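# Geometric and topological summary
Spelled out from the first residue to the last, the chains are:
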Amino acid sequence: MGRIKKKGESGNAKNYITRTAAVKKLQISLPDFRKLCIWKGIFPREPRNRKKASKSSTASTTFYYAKDIQYLLHEPLLQKFRDQKVLEKKISKALGRGDVGDASRLERNAARPEKTGKPRYTLDHVIRERYPTFVDALRDLDDCLSMLFLFANLPSTSTVPAKMIARCERLCLEFQHYLIVSQSLRKSFLSIKGIYYQANIQGEDILWLVPYKFNQRIVGDIDFRIMGTFVEFYMTLLGFVNFRLYTSVGLKYPPKFDQAKDEKAGELGAFQLEGSAAAITSEAPAQITNTNTEAEPDPKTQAEVNKLIKEMREVDVDGDKAETEADKDDVATDAIDKFEPAAPGGDILPQPTYSGNEPESLFANCTFYLSRETPRQPLEFILRAFGCKRIGWDSVLGEGAYTTDERDSSITHQIVDRPVIQASMQEEGDGEDNQTSQKLEANKRMPGRTYVQPQWVWDSINDGEMKRPDLYAPGTSLPPHLSPFVQNTQGAYDPTIPLEEQQTEGEALADSEEEGDEDEADEDEDEEMGDDLAVKSMKVAQSDDEDEDGDNGEFRGFSDDEKTARDDANESEDDEQAAELQYQRELEAELTGKPVKQTPSNPQAKAKVEARKRLAKQAKEEAEDLERAKGMLSKKKRKLFEQMQYTNDKKSAEDQKLREKRRKLEKQKARAKA
């Protein structure tokens, strides 16, 4: 006889446990249980049979793996939570007895973070458990950076303490300094939600979102306790990652932090990096002055140097001659490979190119000045990450600028984000900008300097080359800012390609017909205008005749009813004449034995009709072939194919709407220019 199975000892009842039973088993409160699950990466599970998994008569909604809860029993943080609970009970009992001194003593010894800033516990061991390798931590860094940059821009409240915000901001700025030193930033995109950044760190692409620097309004329907639990974990994680990244490039962590500069909005300038790579990034060239403060070199030393340079040049000339003779015999075999799609209609692969300039040093030879209306923080970070070491701005934007003088002659590019400046001239004073109090006069520009809008920086780094500045000049209509993270697929709408190259043959035919209808409508309007002018001239002539002859009861023109009757009669006469001509041609053809001559028609209209017939025939043949192919499939595969076809048709309809919208905009622009 087999062993009798008891209810609740095997299957779903044993593998799953409800949240209430888990809290009782761990002997902690529900908020502490929620914290522990977030930090340890334990989340609810869905059993196959809820009725069997729930041991009670009432329906339970949240289940966990019993093995996960058993694993939490050995967590060191449990003892910390229990100690905190015991301490809170002691304080409440002391207050109940009226012993305020004892309660205050217990509270001082509790080391609460909102009072002293010292944590009751650390999450270092949790980080090491969840991320056994550094690559695992990098792969989970997207949400971490997005959350910390969000909290760094929040205002301090009772639920979001100021020390947490300051710690988040400091960790984010340290991470940005690493990206600047290592030049790991690759792309960025301006969206409605904020600014997206993408960096490549040790072969891993990391994408995160940074909100704009607006005043954030805290609403009451957000549970900041849950978000604060995540932030507490992410702060520890980013601290570990920053330490590993800084040591990998030879920098000391944490970097020196100047509180005075940070209070004056120094941000990136408030940190001083120390290490072997710090001299490379922090080295800023001094401003050029006209004073001759350097001493002249020694004449003897200069003569020896000139002699050595002359000898080196002679050796180089001889070597170049030998190299040119050898190069004549060699054939160039270092051609770049081309990656073509294996099947027709496949995705277009990015092709490698010869690049003399690295994208990381795109702005290395430029000196920028940021106008006071531009967003300083993202522009400074992007420009420094792509090689620029000389960035100036107005003194009201904070400290850390290369120069605060807008008239500095070493500035090559100035970023502005306002229309053409209008000056308000007063009788008493000088002309001053009514938008910003710049040192330059209104509508005045420094010669030899390029003025661009902020989008020029983003489009340049995404394309890997400096874009044409005339397309981004102040006051001009900017080109579309496209996301660099979207991969173009074959047949999809691409805003960068001309409309004629990506529209279908049917769309092109319909567009040509619309243009023909519009032209005919314009011609009709012109004819109507001509007729109106002729009628007006006739009326004027008639009025003159009336003035000369007077009212003698003579004929004064046809009435409206008579005109319509006359027009109908003329049309019927034209139809009769056309029928007579056609009958005459048929008689002539019978007598001579030749085919009937057809009336000449418009060749363009005839070609359009033929093209429409050909497209309809082609579409009919393709539909028949598709139905025959579907008949060979099984029922399961046919349903799957129909779902794929529905999705493709939906995407094609969206692409067609985008092309129609672009076609209308282009027509409007053409009419405006005309």
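Scroll up to find the structure this text is about.
This one's a predicted model, so the numbers in the text were calculated from it and none came from an experiment.

## Considering the overall build of the protein
- A count of helical and extended segments in the protein gives 23 helices and 13 strands.
- Per-residue burial for the protein yields a buried fraction of 29% across its 674 residues.
- Put simply, 62% of the contacts in the protein that link residues at least 6 apart link residues at least 24 apart.
- Summed over its atoms, the accessible surface of the protein is roughly 46600 Å², and 51% of this surface lies on carbon and sulfur atoms.

## Describing the packing of aromatic side chains
- All told, the structure shown has 20 aromatic pairs when counted by the stated rule.
- Ring plane angle 40° and centroid distance 5.9 Å describe the contact between Y212 and F214, whose orientation is recorded as tilted.
- On the accessibility criterion, Y212 (25% relative accessible area) is partly exposed.
- F214 gets classed as exposed once you look at its relative accessible area, which sits at 61%.
- Between the aromatic rings of F243 and Y253, the centroid separation amounts to 6.3 Å while the plane-to-plane angle is 70°, which identifies the pairing as edge-to-face. Here Y253 lies in the loop between α13 (224-248) and β6 (256-257) and F243 lies in helix α13, a separation of 10 residues in the sequence.
- A network of ring pairs unites the aromatic residues F149, F175, Y197, W208 and F381 as a single cluster.
- One residue, R244, lies across the ring of F134, its end atom 4.8 Å from the ring centre.

## With respect to the pairing of strand β4 (residues 195-201)
- The element β4 is extensively covered by neighbouring structure, given that 5 of its 7 residues are classed as buried.
- In this sheet, β4 lies alongside strand β3 (residues 185-190) in antiparallel orientation, the contact comprising 5 bridges. Looking at the pairing, L185 lines up with A199 of β4.
- The antiparallel hairpin formed by β3 and β4 contains 4 residues in its connecting segment.
- Adjacent in sequence and paired antiparallel, β4 and strand β5 (residues 204-210) are bridged by 2 residues, among which Q202 carries a positive phi angle near 55°.

## Some thoughts on helix α6 (residues 76-97)
- Here α6 spans 33 Å end to end across 22 residues, near enough to the 32 Å set by a 1.5 Å rise per residue.
- Of the residues making up α6, those classed as buried are L77, L78, F81, Q84, L87, I91 and A94.
- Packing partners of the buried residues in α6 comprise α2 (19-26), α3 (30-40), α5 (66-72), α7 (100-108) and α9 (124-130).
- One or two steps after α6, the chain reaches G98, where phi turns positive at roughly 85°.

## Description of the sheet that holds β4
- In spatial order, the strands read β3-β4-β5; together these 3 strands make up an open sheet with antiparallel pairing. Unpaired on one side and paired on the other, β3 and β5 mark the two borders of the sheet. Strand after strand, the sheet turns through a mean of 15° between neighbouring axes, direction not considered.
- Set on the sheet, helix α18 (residues 455-463) makes contact with β3 and β4; between it and β3 the angle comes to about 135°.

## Brief notes about the packing of helix α12 (residues 162-182) against α13
- Packing of α12 against α13 leaves a shortest axis separation of 10 Å and a crossing angle of 30°. Taken together, the axis directions place α12 and α13 in an arrangement best described as roughly parallel. Judged by the sense of rotation from one axis to the other, the crossing of α12 with α13 is left-handed. Judged by residue contacts, M164, R167, C168, L171, C172, E174, F175, H177 and Y178 of α12 engage V231, M235, L238, G239, N242, L245, Y246 and S248 from α13.
- Across the contact of α12 with α13, the residue classes tally to 11 nonpolar, 4 polar and 2 charged.

## Brief notes about the state of the cysteines
- In the structure shown here, the tally under the stated rule is 0 disulfides.
- Residue C168 stays outside any disulfide, its sulfur separated by 6.4 Å from that of C172, the closest cysteine.
- Residue classification places C168 among the buried residues on the basis of a relative accessible area of 0%.

## Brief notes about helix α11 (residues 141-152)
- In a regular helix each residue adds 1.5 Å, so 12 residues correspond to 16 Å; α11 covers 16 Å between its end C-alpha atoms and thus fits that length.
- Listed in full, the buried residues belonging to α11 are L141, C144, L145, M147, L148, F149, F151 and A152.
- Contact partners of the buried residues in α11: α10 (134-139), α12, β5 and α13.

## Focus: the nonpolar core
- Within the largest apolar cluster, 92 residues are counted, with the highest numbers of intra-cluster contacts made by F151, W208 and F363.
- In this structure, I91, A94, A103 and L106 belong to the second largest nonpolar core, which totals 5 residues.

## Remarks on the environment of R376
- Note on placement: R376 falls in helix α17 (residues 376-385).
- Judged by relative accessible area, which is 2%, R376 ranks as buried.
- Linking R376 and K213, residues 163 residues apart in sequence, is a C-alpha distance of 10.0 Å.
- Every residue in contact with R376, bar those within four places of it in the chain, is listed here: A265, G266, E267, L370, W393, L397, G398 and E399.
- A polar contact is formed between the side chain of R376 and the backbone oxygen of G266, at a distance of 3.1 Å.

## Examining the packing of α11 against α12
- In the contact formed by α11 and α12, the axes pass within 8 Å of each other and the chain directions differ by 125°. In this view, α11 runs oblique relative to α12, as classed from their interaxial angle. In this structure, α11 crosses over α12, and the sense of that crossing is left-handed. Residue-level contacts link L141, L145, L148, F149, F151 and A152 of α11 to M164, I165, C168, E169, C172, F175 and Q176 of α12.
- Within the contact of α11 with α12, the residues separate by chemical class into 11 nonpolar, 1 polar and 1 charged.

## What about the side chain of E204?
- Here E204 is to be found in strand β5.
- Side chain to side chain, E204 and R139 meet in a polar contact 3.5 Å long.
- When residues no more than four places from it in sequence are discounted, the contact partners of E204 are V135, L138, R139 and A199.

## Details of the sheet that holds strand β8 (residues 367-370)
- The parallel open sheet is built from 4 strands, whose spatial order is β9-β8-β10-β13. Each edge of the open sheet is held by one strand with a lone partner, namely β9 (390-393) and β13 (450-452). Ignoring strand direction, the axes of neighbouring strands in this sheet form an average angle of 25°.
- Bridge analysis of strand β10 (residues 413-415) against β13 gives 3 bridges, and the strand direction is parallel. Bridging across to β13, Q414 finds its partner in Y451.
- Running at roughly 165° to β9, α17 makes contact with β8, β9 and β10 of the sheet.

## Quick look at the pattern of salt bridges
- For the coordinates displayed, the defined rule picks out 20 salt bridges.
- Residues K264 and E399 are paired through a salt bridge, measuring 3.6 Å at the closest nitrogen-oxygen approach. Separated by 135 residues along the polypeptide, K264 in the loop between α14 (259-263) and β7 (271-272) and E399 in the loop between β9 and β10 bring together distant segments of the chain.
- The class for E399 is partly exposed, based on a relative accessible area of 31%.
- Through salt bridges with shared partners, a single ionic network connects K40, E75 and E129.

What counts and what doesn't
Residues numbered from 1 in each chain as written. Predicted model: local features only at pLDDT ≥ 70, side-chain atom pairs only at ≥ 80, totals over all residues. Heavy atoms only, no water. Helix = DSSP H or I, 4+ residues; strand = E, 2+ residues; numbered from the N terminus. Buried < 20%, exposed > 50% of the residue type's maximum accessible area, 1.4 Å probe, protein only. Contact = heavy atoms within 4.5 Å. Areas by Shrake-Rupley, 256 points an atom, 1.4 Å probe, with all protein chains shown as cover. Phe/Tyr/Trp six-rings, centres within 6.5 Å; stacked < 30°, edge-to-face > 60°. Lys NZ or Arg CZ within 6 Å of the ring centre and 35° of its normal. Pairing = 2+ DSSP bridges. Expected span 1.5 Å × (residues − 1). Axes fitted to C-alpha atoms, helices over the stretch in contact; angles between N-to-C directions. Parallel < 35°, antiparallel > 145°, perpendicular 65-115°, else oblique. Left-handed = near helix turned anticlockwise from the far one by under 90°. Nonpolar A, V, L, I, M, F, W, Y, C, P; charged D, E, K, R; others polar. Disulfide = S-S within 2.5 Å. Core = buried A, V, L, I, M, F, W, Y, C linked by side-chain atoms within 4.5 Å. Polar contact = N/O pair within 3.5 Å; in protein donor to acceptor, adjacent residues only side chain to side chain. Salt bridge = Lys/Arg side-chain N within 4 Å of Asp/Glu carboxyl O.

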